[in-house]
Amino acid sequence: TQDPDAVSTYWSHSATETPEEFFSQKRIEAARIVDRYIHPHPDIVAEANALYEVCRSRHEGTLFGVQIRGSDWRNSRAILPEEYFSFIHSHVEKAGLSDFSIFVATDQIQFLDAFREHWGNATVHSQNCKRTDNWIADFKSQDISGYQKGREVMVDKLLLSRVDFLWKGPTGVGEAAHWFRTGLQSKDLTDQSSPHECTGSRAFFEVLDKRNRVAQL
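Residues numbered from 1 in each chain as written. Predicted model: local features only at pLDDT ≥ 70, side-chain atom pairs only at ≥ 80, totals over all residues. Heavy atoms only, no water.

### Let's talk about the pattern of salt bridges
Alright, step 1. Inspection of the entire model under this criterion finds six salt bridges.
Alright, step 2. The salt bridge partner of E29 is R32, with a shortest N-O separation of 2.6 Å. Of this pair, E29 and R32 both sit in helix α1 (residues 19-37), three residues apart, which is roughly one turn of that helix.
Alright, step 3. For R151, the salt bridge identified is with E47, shortest N-O distance 2.8 Å. With a gap of 104 residues between them, R151 in helix α5 (residues 146-160) and E47 in helix α2 (residues 42-58) connect regions that are remote in the sequence.
Alright, step 4. Given the relative accessible area of 16%, R151 is considered buried.
Alright, step 5. You can call E47 partly exposed: its relative accessible area is 31%.
Alright, step 6. Connected through shared salt-bridge partners, R27, K168, E175 and D188 make up one network. (Salt bridge = Lys/Arg side-chain N within 4 Å of Asp/Glu carboxyl O. Helix = DSSP H or I, 4+ residues; strand = E, 2+ residues; numbered from the N terminus. Buried < 20%, exposed > 50% of the residue type's maximum accessible area, 1.4 Å probe, protein only.)

### Quick word on a negative patch on the surface
Alright, step 1. A grouping of E17, E20, E21 and D191 is seen on the molecular surface, where their side chains present a negatively charged patch.
Alright, step 2. Assignment of secondary structure puts E17 in the segment before α1. (Patch = residues over 30% accessible without salt bridge, like charges linked within 9 Å, V, L, I, M, F, W, Y side chains within 5 Å. Areas by Shrake-Rupley, 256 points an atom, 1.4 Å probe, with all protein chains shown as cover. Lys, Arg positive; Asp, Glu negative; His and termini not counted. Charge placed at Lys NZ, Arg CZ, Asp CG, Glu CD.)

### Focus on the pairing of strand β2 (residues 100-106)
Alright, step 1. Of all seven residues making up β2, seven are buried, and the element is well covered by its neighbours.
Alright, step 2. Taking every second residue as pointing to the same face, both faces of β2 are buried, with F100, I102, V104 and T106 on one and S101, F103 and A105 on the other.
Alright, step 3. Pairing of β2 with strand β3 (residues 124-125) involves two bridges; the strand directions are parallel. Pairing of F103 across the sheet is with H125, part of β3.
Alright, step 4. At this point the chain moves from β2, through helix α4 (residues 109-119), to the parallel β3, and the crossover so formed is right-handed. (Pairing = 2+ DSSP bridges. Right-handed = clockwise from strand over helix to strand, strands pointing away.)

### Looking at α4
Alright, step 1. Within α4, the full set of buried residues consists of F111, L112, A114, F115 and W119. Looking straight down α4, one finds its buried side chains confined to an arc of 155 degrees; they lie on one side.
Alright, step 2. Count one or two residues on from α4 and you reach G120, which has phi positive near 100 degrees. (Arc of directions from axis to C-beta.)

### Thoughts on the packing of α2 against α5
Alright, step 1. Relative orientation of the contacting elements α2 and α5 amounts to 50 degrees, with a least axis distance of 9 Å. As judged from the angle between their axes, α2 and α5 are oblique. The interaxial crossing formed by α2 with α5 has right-handed handedness. Between α2 and α5, the contacting residues are D43, I44, V45, E47, A48, L51 and Y52 on the first element and Y147, R151, M154, V155, L158 and L159 on the second. (Axes fitted to C-alpha atoms, helices over the stretch in contact; angles between N-to-C directions. Parallel < 35°, antiparallel > 145°, perpendicular 65-115°, else oblique. Left-handed = near helix turned anticlockwise from the far one by under 90°. Contact = heavy atoms within 4.5 Å.)

### Considerations on the nonpolar core
Alright, step 1. Judged by nonpolar contacts, the single largest core of 22 residues is most densely connected at I88 and F115.
Alright, step 2. Elements supplying a minimum of two residues to this core: β1 (62-68), α3 (81-95), β2, α4 and β4 (165-168).
Alright, step 3. No other element matches the five residues that α4 contributes to this core. (Core = buried A, V, L, I, M, F, W, Y, C linked by side-chain atoms within 4.5 Å.)

### Thoughts on the sheet that holds β1
Alright, step 1. What the five strands build is an open sheet, ordered β3-β2-β1-β4-β5; its pairing is parallel. For this open sheet the edge positions go to β3 and β5 (186-188), each flanked by a neighbour on one side alone.
Alright, step 2. Judged from the three bridges that link them, β4 and β5 form a sheet pairing that is parallel. By the bridge assignment, L166 is partnered in β5 with S186.
Alright, step 3. The sheet strands contacting α3 are β1, β2, β4 and β5, and the helix crosses β1 at an angle near 160 degrees.
Alright, step 4. This element, α5, spans β1, β2 and β4 of the sheet and lies at about 150 degrees to β2.

Next up, the structure:
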């Protein structure tokens, strides 16, 4: 049984609270730990800052953040891009926004492509980093060093912590963005899926691939 006061990156479907209620106190403790023990290298901070300035320079309005994971699922299923689109469209409409950009942090090439196709390259920004096109998580790749993998994910966390509003799925990267900036506003989409929907990453991608082939007909 997990210590109720322990830091956590994943909201369980068995929790009695909403994701926001579940994470509220845990984020305070995590932020305290990060502030005391975790200090990203200045080069990594500079890289995140430079990418942030690019995102801001192309649009004067709201900068949204999206953290969407595609590979290596165990306890849930991936939240699909279309599900994010629905929430973003609703938010934009209610807020009456006409100028905004989206920073997408993802391990999945197909998901980034879907955002670019839906919103356009001028609106969607992302880090130039290692991604996968299948169910095998990119962090398992032997093509780049462990340091580079860690650097890339830290850049994503730092940039996501600076957006005006964040949508995130059931993964640690989006949740960790809160640890670097208290007060970050976000929506956790984990409750959009059921734990019974997870049939393994490979099975999920077989369904995703079939859906994409149908869409191309």
